[in-house]
Amino acid sequence: MIKFILIRLLQAVPVLFTVVLVTFFIIRQAPGGPFDSEKAVSPYVLEKLNERYQLNDPVHVQFGNYLVDIIQGDFGPSFTYPTRSVSEMIFTGLPVTFELAINALLVALLIGIAAGLIAAIKKNTAADYVSMSTAMIGICMPSFLLGPILILVFGIYLEWLPVSGWGYSDGDKILPSITLGAAYAAYIARLTRGGMLEVLGQDYVRTARAKGLAEHVIIFKHTLKAGLLPVVSFLGPAIAGLLSGSFVIETIFQIPGLGRFYVDAAFNRDYTMIMGTTIFFSVLIVAFNLLSDIIAVMLNPRLSYNEEQM
């Protein structure tokens, strides 16, 4: 197991380096600069700002200096908010983004597992077709479309729920959590159905039924744990995706999380904030994928052997 983890960590190094390299040079190819605004500053002030943030240096020199800084854990100051560091802003918005991701994951698990179980138990019936068709719609419908629809129906027409904010009024966390978790609920539903159908076809299940065990006992005591293994393997990438994909939801619902900082940084061409949040999200994705791989190997040790053979 230790060897497997070390191999995965070594594989993560070139991935993160590539992310830093590509992001660094792409954002510098975008039109404008971090100090462009509607009211242009004087050439002298602009020169001093570029000198202060080392933007006058050749790009390869800037990249080398930035690598040295991030290795030391320093993402630098924000260009838009010079009195605040990028690290400070990341850890200010992270709790809100993390809470949103956990709420969305709970929604996804609750809806997805329930729908998948119903579809598996009622295989090839109307309940199965409706559940899987709904799941397919959830997968295909993007969050930037689902969010406004929920706002329109439950916030404006029915006036049941707030349409913006996070923790400012009762119920303002419901719509963002559903919007972010809907697509993952659809994936979990399909994984649950597939896993349960595979387990329900095993010989020991037929034996249990032949002995007269109640169907709910067979489902919840003998097959649910094994049937949900695909879902367990999916949780690592799902959490990483929820964290890194929340910026659309945070923008739609005006949530002051890390994703909102990321969008604002892109509009303001805040180089250091864009780099810091991109690297942070990349590390989260790598970490949760590694966690998912570790859990998968623990559940099926043959995977570790296969990795070593590769």
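First things first, this report covers the structure right here in the doc. (Residues numbered from 1 in each chain as written. Predicted model: local features only at pLDDT ≥ 70, side-chain atom pairs only at ≥ 80, totals over all residues. Heavy atoms only, no water.)

A word on the overall build of the protein. Counting its regular elements, the protein contains 14 helices and zero strands. Of the regular secondary structure in the protein, the N- to C-terminal order runs α-α-α-α-α-α-α-α-α-α-α-α-α-α. Once the C-alpha set of the protein is aligned to its principal axes, its extents read approximately 85 × 60 × 25 Å. By residue count, 39% of the 310 residues in the protein fall in the buried class. (Helix = DSSP H or I, 4+ residues; strand = E, 2+ residues; numbered from the N terminus. Buried < 20%, exposed > 50% of the residue type's maximum accessible area, 1.4 Å probe, protein only.)

Orientation of helix H8 (residues 203-210) relative to helix H9 (residues 215-227), taken along the N-to-C sense of each, is 145°, at an axis distance of 10 Å. The element H8 and its partner H9 pack so that their crossing is right-handed. Side by side, H8 and H9 meet where Tyr204, Val205, Ala208 and Arg209 of the first sit next to Glu215, Ile218, His222 and Thr223 of the second. Looking at the contact of H8 with H9 residue by residue, the class counts come to four nonpolar, two polar and two charged. (Axes fitted to C-alpha atoms, helices over the stretch in contact; angles between N-to-C directions. Left-handed = near helix turned anticlockwise from the far one by under 90°. Contact = heavy atoms within 4.5 Å. Nonpolar A, V, L, I, M, F, W, Y, C, P; charged D, E, K, R; others polar.)

This part is about a nonpolar patch on the surface. Together, Phe144, Leu145, Ile149, Leu152, Val153, Ile156, Tyr157, Leu158, Trp160 and Val163 line one region of the surface with nonpolar side chains, adding up to about 970 Å² of accessible area. Of note, Leu152 is situated in helix H6 (residues 143-157). (Patch = residues over 30% accessible without salt bridge, like charges linked within 9 Å, V, L, I, M, F, W, Y side chains within 5 Å. Areas by Shrake-Rupley, 256 points an atom, 1.4 Å probe, with all protein chains shown as cover. Salt bridge = Lys/Arg side-chain N within 4 Å of Asp/Glu carboxyl O.)

What follows covers empty space enclosed by the protein. A full pass over the atoms with the stated rule returns one cavity of 30 Å³ or more. The dominant element in the lining of the largest cavity, judged by the number of residues it contributes, is helix H12 (residues 258-268), at four residues. (1 Å grid on protein atoms, 1.4 Å probe; cavity = no way out; pocket = protein on both sides within 12 Å on 5 of 7 lines; lining within 4 Å. Points joined across faces, edges and corners; volume = space filled by probe spheres on them.)

Let's shift gears to helix H10 (residues 229-244). Between the first and last C-alpha of H10 there are 24 Å, a value that for 16 residues agrees with the 22 Å anticipated at 1.5 Å per step. Along H10, the sharpest change in direction is near 40° and occurs at Leu235; proline Pro237 comes one to four residues later. Turning to H10, its buried residues number three or more, namely Val231, Phe234, Gly236, Ala238, Ile239, Ala240, Gly241, Leu242, Leu243 and Ser244. (Expected span 1.5 Å × (residues − 1). Bend = angle between axes of the 7 residues up to and from the residue.)

Core analysis: the largest hydrophobic core is formed by 61 residues, its most contacted members being Tyr66, Leu242, Leu258, Met273, Met275 and Ile279. The dominant element in this core, judged by the number of residues it contributes, is helix H4 (residues 86-121), at 12 residues. Residue contacts for Met273: discarding those within four places in its chain leaves Val86, Met89, Ile90, Leu258, Phe261 and Ala265. Counting six residues, the second largest nonpolar core, distinct from the first, contains Ala115, Ala119, Met132 and Ala186. (Core = buried A, V, L, I, M, F, W, Y, C linked by side-chain atoms within 4.5 Å.)

Take the environment of Trp160 next. Tracing the sequence through the fold places Trp160 in the loop between H6 and helix H7 (174-200). On the basis of relative accessibility, which here comes to 60%, the residue Trp160 falls in the exposed class. Between the alpha carbons of Trp160 and Gly171 there is a distance of 8.7 Å; along the sequence they are 11 residues apart.

Now for the packing of aromatic side chains. All chains considered together, the criterion is met by 11 aromatic pairs. When the ring of Tyr184 is compared with that of Phe234, the centres are 6.3 Å apart and the planes differ by 40°; the resulting orientation is tilted. With a gap of 50 residues between them, Tyr184 in helix H7 and Phe234 in helix H10 connect regions that are remote in the sequence. Overall, Tyr184 belongs to the buried group, its relative accessible area being 18%. Where Phe247 meets Tyr262, the ring centres are 6.1 Å apart and the plane angle is 70°; that geometry is what we call edge-to-face. (Phe/Tyr/Trp six-rings, centres within 6.5 Å; stacked < 30°, edge-to-face > 60°.)

Moving on: the side chain of Thr272. Turning to its location among the elements, Thr272 is positioned in helix H13 (residues 271-299). On the accessibility criterion, Thr272 (10% relative accessible area) is buried. Here Asp270 takes part through its side chain, which lies 3.2 Å from a polar atom of the side chain of Thr272. Dropping the residues within four chain positions of it, Thr272 is found in contact with Tyr66, Phe75, Pro77, Ser78, Phe79 and Val86. (Polar contact = N/O pair within 3.5 Å; in protein donor to acceptor, adjacent residues only side chain to side chain.)

Bringing the environment of Arg52 into the picture now. Here Arg52 shows up in helix H2 (residues 43-52). Taking the C-alpha atoms as reference points, Arg52 and Ser169, 117 residues apart in sequence, are found 43 Å from one another.

Take unusual backbone geometry next. In the Ramachandran plot, Glu159 falls in the positive-phi region, its phi being about 55° despite a non-glycine side chain. Looking at where Glu159 falls in the secondary structure, it is placed in the loop between H6 and H7. One non-glycine residue, Gln254, lies in the positive phi region at around 55°. Residue position: Gln254 is located in the loop between helix H11 (246-252) and H12. Owing to a relative accessible area of 41%, Gln254 belongs among the partly exposed residues under this scheme.

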